[in-house]
Amino acid sequence: METDSATQPERPAIVQLDHVGRVFTMGEVKVEVLRDFCLDIYEGEFLAVVGPSGSGKSTILNLVGGLDQPTSGQILFRGEDLTSATNRRLTSYRRDHVGFVFQFYNLAPNLTARENVLTATEIVRDPADVDEVLEMVGLTERADHFPAQLSGGEQQRVAIARAVAKNPSLLLCDEPTGALDYATGIKALRLLVDVNRRMGTTIVLITHNSAIAETANRVVHLRSGQISEMVVNEHPIAPEEVTW
Ligand SMILES: Nc1ncnc2c1ncn2[C@@H]1O[C@H](COP(=O)(O)OP(=O)(O)OP(=O)(O)O)[C@@H](O)[C@H]1O
């Protein structure tokens, strides 16, 4: 059954960034990327984070995904403070709750499409059915091909299938269409929208392309690590309507 796309803050927050600061220190130099950054991400929403290069998008995604820790403030996942979590707990958070999709697909070259997806499901408690996920991404016929035998768009579909097959609560996508041509990018975006609607997975998509963001329920515009604008799309457009 399809779940309604979440637009509204009445939904509980899945992740809360509470007065988060992130300073990178390189020798004597300190780079303050985020200061007092606050954002709630709601269960089941499709949130786009848009901003120019260097505005802090990947920094935020890495913090939300438990790949990085803030220098100040708190990050809560369903009320649990991740900033005081042990490394072991953070690893289980990433394993059980988070799926990542990157611009470059990071597939294991010596494994077939199916094996790439299967490997991800072996480490989680409640995975989705691998064959169903491969069918959803339209790769049933290509399941026995190795990454080098697949096009860029097909490889990205394997990467999405791999992330989705873990049945994560949160799917974090860093420029997932960045390396794809227009038509292939639209297909990848369609998949993400379908995953959000059909599986109720909360999606955070970061992009520098504001046209893509119109498919999301809510768009956070970033400028120099600050939210410059927040837009709720009452009627997100279909990926097929996106032009860039
Ligand atoms: N590990 C690090 N050490 C030092 N500075 C960093 C580090 N990671 C990020 N930065 C700096 O933080 C700022 C924000 O980087 P971030 O990668 O979050 O931006 P972005 O919006 O994702 O950019 P892009 O669209 O180019 O990927 C940049 O000025 C970057 O140089």
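Everything numeric in this text was worked out from a predicted model, so none of it was measured.

Caption draft 1: A look at the nonpolar core. Judged by nonpolar contacts, the single largest core of 41 residues is most densely connected at L171 and L205. At the level of secondary structure, the elements contributing two or more residues to this core comprise β3 (46–50), α3 (113–121), α4 (130–136), α5 (152–165), β7 (170–174), α6 (182–199), β8 (202–207) and α7 (210–213). With near-sequence residues (within four places) excluded, L205 lies in contact with F46, L47, A48, V49, C173, P176, L189, L192 and I212. L17, V20, L61 and V64 belong to the second-largest nonpolar core, a separate cluster that totals 29 residues.

Caption draft 2: Representation of the site of the ligand in the model. Around the ligand lies a shell formed by F24, M26, V33, P52, S53, G54, S55, G56, K57, S58 and T59. Take G56: an N or O atom from its main chain is 3.1 Å from an oxygen atom of the ligand. S58 places a main-chain nitrogen or oxygen 2.9 Å from an oxygen atom of the ligand. Considering the ligand on its own, with 640 Å² of exposed area, one finds that the protein chains cover 59% of that surface. If you list the elements that add at least two residues to the shell around the ligand, you get β1 (13–26) and α1 (57–64).

Caption draft 3: Main features of the UniProt feature "domain: ABC transporter" (unreviewed entry) in the chain. Per the UniProt record, "domain: ABC transporter" (unreviewed entry) is found at residues 15–244. Structurally, residues 15–244 is divided into 31% helix and 29% strand, and its ends, taken at the C-alpha atoms, are 31 Å apart.

Caption draft 4: Up close: the sheet that holds strand β4 (residues 72–77). Ordered in space as β2-β1-β4-β5, the four strands form an open sheet in which the pairing is antiparallel. Of all the strands in the sheet, the pair left with one neighbour each is β2 (29–42) and β5 (80–81). Across ten bridges, β1 lies against β2 in antiparallel orientation. Counted as the bridge partner of V23 is E32 from β2.

Caption draft 5: How the structure looks around helix α2 (residues 87–97). Burial in α2 covers these residues: L90, S92, Y93, D96 and H97. All buried residues of α2 project into a common sector of 160 degrees when viewed along the axis, lining one side. In this structure, α2 carries N87 and R88 as exposed residues pointing more than 90 degrees from its buried face. Considering only its buried residues, α2 is in contact with β1, α1, β4, β6 (98–101) and β7.

Caption draft 6: Spatial organisation of the layout of surface pockets. Considered as a void within the structure, the largest pocket measures approximately 190 Å³ in volume. In this structure, the largest pocket is lined by V98, G99, F100, F102, A120, I123, R162, A163 and K166. For the lining of the largest pocket, the secondary structure elements donating two or more residues are β6 and α5. In terms of residue count, β6 provides more of the lining of the largest pocket than any other element does, three residues in total. A class-by-class count of the residues in the lining of the largest pocket yields six nonpolar, one polar and two charged.

Here is what the cut-offs are and how they apply
Residue numbering note: each chain is counted from 1, following its sequence as written. Residues qualify for local features only when their pLDDT is at least 70, as the model is predicted, and side-chain atom pairs are given and counted only at 80 or more; totals for whole chains, interfaces and linings, by contrast, use all residues. Where side-chain values are given, they derive from all heavy atoms of the structure, hydrogens and water being excluded. We define a nonpolar core as any set of buried Ala, Val, Leu, Ile, Met, Phe, Trp, Tyr and Cys residues linked to one another through side-chain atoms lying within 4.5 Å. A 1.4 Å probe rolled over the protein chains alone gives each residue an accessible area, and that area as a share of the maximum for its type sets the label: buried under 20%, exposed over 50%, partly exposed in between. Strands are runs of DSSP state E lasting at least two residues, helices are runs of H or I lasting at least four, and both sets are numbered from the N terminus onward. Contacts: residue pairs with any heavy atoms within 4.5 Å of one another. In these notes, residues near a molecule or strand are those with any non-hydrogen atom within 4 Å of it. Pairs of N or O atoms within 3.5 Å make up the polar contacts considered here, provided that, within protein, one atom can donate a hydrogen while the other can accept it, and that residues adjacent in sequence are counted only when both atoms are side-chain atoms. What sets the accessible areas is the Shrake-Rupley method with a 1.4 Å probe; for residues, cover comes only from the shown protein chains. UniProt positions are given in the numbering used here, feature names are shortened, and annotations may be inferred rather than shown by experiment. When DSSP locates at least two bridges between a pair of strands, those strands are taken to pair. When we speak of the arc, we mean the arc of directions from the helix axis to the C-beta atoms. The definitions used throughout rest on a 1 Å grid laid over the protein atoms alone, on which a cavity is an enclosed set of points accommodating a 1.4 Å probe that cannot get out and a pocket is an open set flanked by protein within 12 Å on both sides along at least five of seven lines; lining residues are those having an atom within 4 Å of a point. Grid points are joined across faces, edges and corners, and a volume is the space filled by probe spheres set on the points. Note on residue categories: nonpolar means Ala, Val, Leu, Ile, Met, Phe, Trp, Tyr, Cys or Pro, charged means Asp, Glu, Lys or Arg, and polar means any other residue, Gly included.

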